[in-house]
Amino acid sequence: MADKEFRSGFICFVGRPNTGKSTLTNAMVGSKIAITSSRPQTTRHTIRGIVHRDHAQLILVDTPGLHRPRTLLGQRLNDLVRDTYSEVDVIALCIPADEKIGPGDRWIVEQIKQMAPKTTVLGVVTKIDKVSRDQVAHQLMAVSQLLGPEAEVVPVSAVKGEQVEVLVDVIASKMPEGPAFYPDGEITDEPEETLMAELIREAALEGVRDELPHSLAVVIEEIQPYEANEDMLEVHALLYVERPSQKAIIIGKNGSRLKEVGTNARKQIEHILGTRIYLNLHVKVAKDWQRDPKQLGKLGF
Ligand SMILES: Nc1nc2c(ncn2[C@@H]2O[C@H](COP(=O)(O)OP(=O)(O)OP(=O)(O)O)[C@@H](O)[C@H]2O)c(=O)[nH]1
Ligand SMILES: [Mg+2]
């Protein structure tokens, strides 16, 4: 058999919040480049992950979960996702195996049809480890009905690693022939500073409830060589919340919670960067920043 032509291209994962897009991105890339959490609306910017195979290179674009926006931040995130539709070869709609298809999913399908009528659409049934085989089969049919007969639908479990390679192959088969976009070994174009800020946000999200996750934003203020040990980096980060009561929660009794967040984030950052760091965290209140255009701008939205 003749060698297969090399294929390369862009695919974005879209779906309602909390449907497993970022977890799947990490599983396919083989490394953690996108933070994940059990709370909806974790991802706040598009994140590129690169999948290298002998016959293909896939650039995955993980996007924020889509929902009817209630804040200016929500609106900006939806716009961001819509902008990516025009930049990709394939759009993959992620729907969990354990949740009924609802108006939120139909709304996304309509948006895709409107914005990118010619783009190949793929269905991905995520989290198949959470349900029985029968339920997976049922969901595959439901997603197929939602997307129409021409769309392929692939079941996958990112957590168990089931079917991840099958999904890579299916996506690769839909890509145009062409050379790689990124050099071998490169797995993301996320700047280190963004990765650090995200890992701190992920650590701070752990265990907080209600509306607090949405109110949290992290900004890296300064990175410099650590004076006491020149093999280390000193990183200063600011955690923004929207209200003083939230500040108290994040800091915890005698600063215990913030300390824990710092330790967890530091380990993750050191693992990814391969450098030891001294991490300095501060918490600040930026009142209602999710609804304030000026503050959103300052925070990079
Ligand atoms: N059991 C199981 N859980 C999963 C799987 N994939 C994701 N999850 C869980 O689902 C939750 C949401 O995962 P994320 O990857 O953050 O979801 P997301 O779609 O990126 O969410 P947003 O960024 O908020 O839109 C997390 O608690 C994950 O651990 C899976 O294959 N199996
Ligand atoms: Mg995400």
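Residues numbered from 1 in each chain as written. Chains lettered and ligands numbered in written order. Predicted model: local features only at pLDDT ≥ 70, side-chain atom pairs only at ≥ 80, totals over all residues. Heavy atoms only, no water.

### Details of the domain arrangement of the protein
And step 1. As assigned here, the protein comprises domain 1 (7–173) and domain 2 (192–298).
And step 2. Computed over C-alpha atoms, the centres of domain 1 and domain 2 are 28 Å apart.
And step 3. Residue-level contacts link 16 residues of domain 1 with 21 residues of domain 2.
And step 4. Taking both partners together, domain 1 and domain 2 bury about 1,600 Å²; carbon and sulfur atoms supply 54% of that area. (Domains from an automatic or database assignment. Contact = heavy atoms within 4.5 Å. Buried area = accessible area lost by both parts, 1.4 Å probe.)

### Remarks on the side chain of Glu242
And step 1. Within the element layout of this structure, Glu242 appears in the loop between strand 8 (233–241) and helix 8 (244–251).
And step 2. Nearest to the buried, unbridged Glu242 among oppositely charged side chains is Arg243, at 4.9 Å.
And step 3. Engagement of the side chain of Glu242 in a polar contact is seen with the side chain of Ser215, the distance being 2.9 Å.
And step 4. From its side chain, Glu242 meets the backbone nitrogen of Trp289 in a polar contact 2.9 Å long.
And step 5. Those residues in contact with Glu242, other than ones at most four positions away along the chain, are Ser215, Val285, Ala286, Lys287, Asp288, Trp289 and Gln290. (Helix = DSSP H or I, 4+ residues; strand = E, 2+ residues; numbered from the N terminus. Buried < 20%, exposed > 50% of the residue type's maximum accessible area, 1.4 Å probe, protein only. Lys, Arg positive; Asp, Glu negative; His and termini not counted. Salt bridge = Lys/Arg side-chain N within 4 Å of Asp/Glu carboxyl O. Polar contact = N/O pair within 3.5 Å; in protein donor to acceptor, adjacent residues only side chain to side chain.)

### Notes on the packing of helix 6 (residues 192–205) against helix 9 (residues 256–273)
And step 1. Packing of helix 6 against helix 9 leaves a shortest axis separation of 8 Å and a crossing angle of 140°. With respect to each other, helix 6 and helix 9 are oriented oblique. Every pair of crossing elements has a handedness; the one defined by helix 6 and helix 9 is right-handed. Counted together, Glu192, Leu195, Met196, Leu199, Ile200, Ala203 and Ala204 of helix 6 and Arg257, Val261, Asn264, Ala265, Gln268, Ile269, Ile272 and Leu273 of helix 9 form the full contact between these two elements. (Axes fitted to C-alpha atoms, helices over the stretch in contact; angles between N-to-C directions. Parallel < 35°, antiparallel > 145°, perpendicular 65-115°, else oblique. Left-handed = near helix turned anticlockwise from the far one by under 90°.)

### Overview of the pairing of strand 2 (residues 47–52)
And step 1. Sheet topology places strand 2 next to strand 3 (residues 56–62); six bridges connect them, and they run antiparallel. Pairing of Ile47 across the sheet is with Asp62, part of strand 3. (Pairing = 2+ DSSP bridges.)

### Examining the site of ligand 1
And step 1. Around ligand 1, 21 residues are found, and the nearest of them are Lys21, Thr23, Gln41, Thr42 and Asp129.
And step 2. One nitrogen or oxygen atom from the main chain of Asn18 is found 3.0 Å from an oxygen atom belonging to ligand 1.
And step 3. One nitrogen or oxygen atom from the main chain of Gly20 is found 2.9 Å from an oxygen atom belonging to ligand 1.
And step 4. Broken down by class, the residue content of the shell around ligand 1 amounts to four nonpolar, 13 polar and four charged. (Near = heavy atom within 4 Å. Nonpolar A, V, L, I, M, F, W, Y, C, P; charged D, E, K, R; others polar.)

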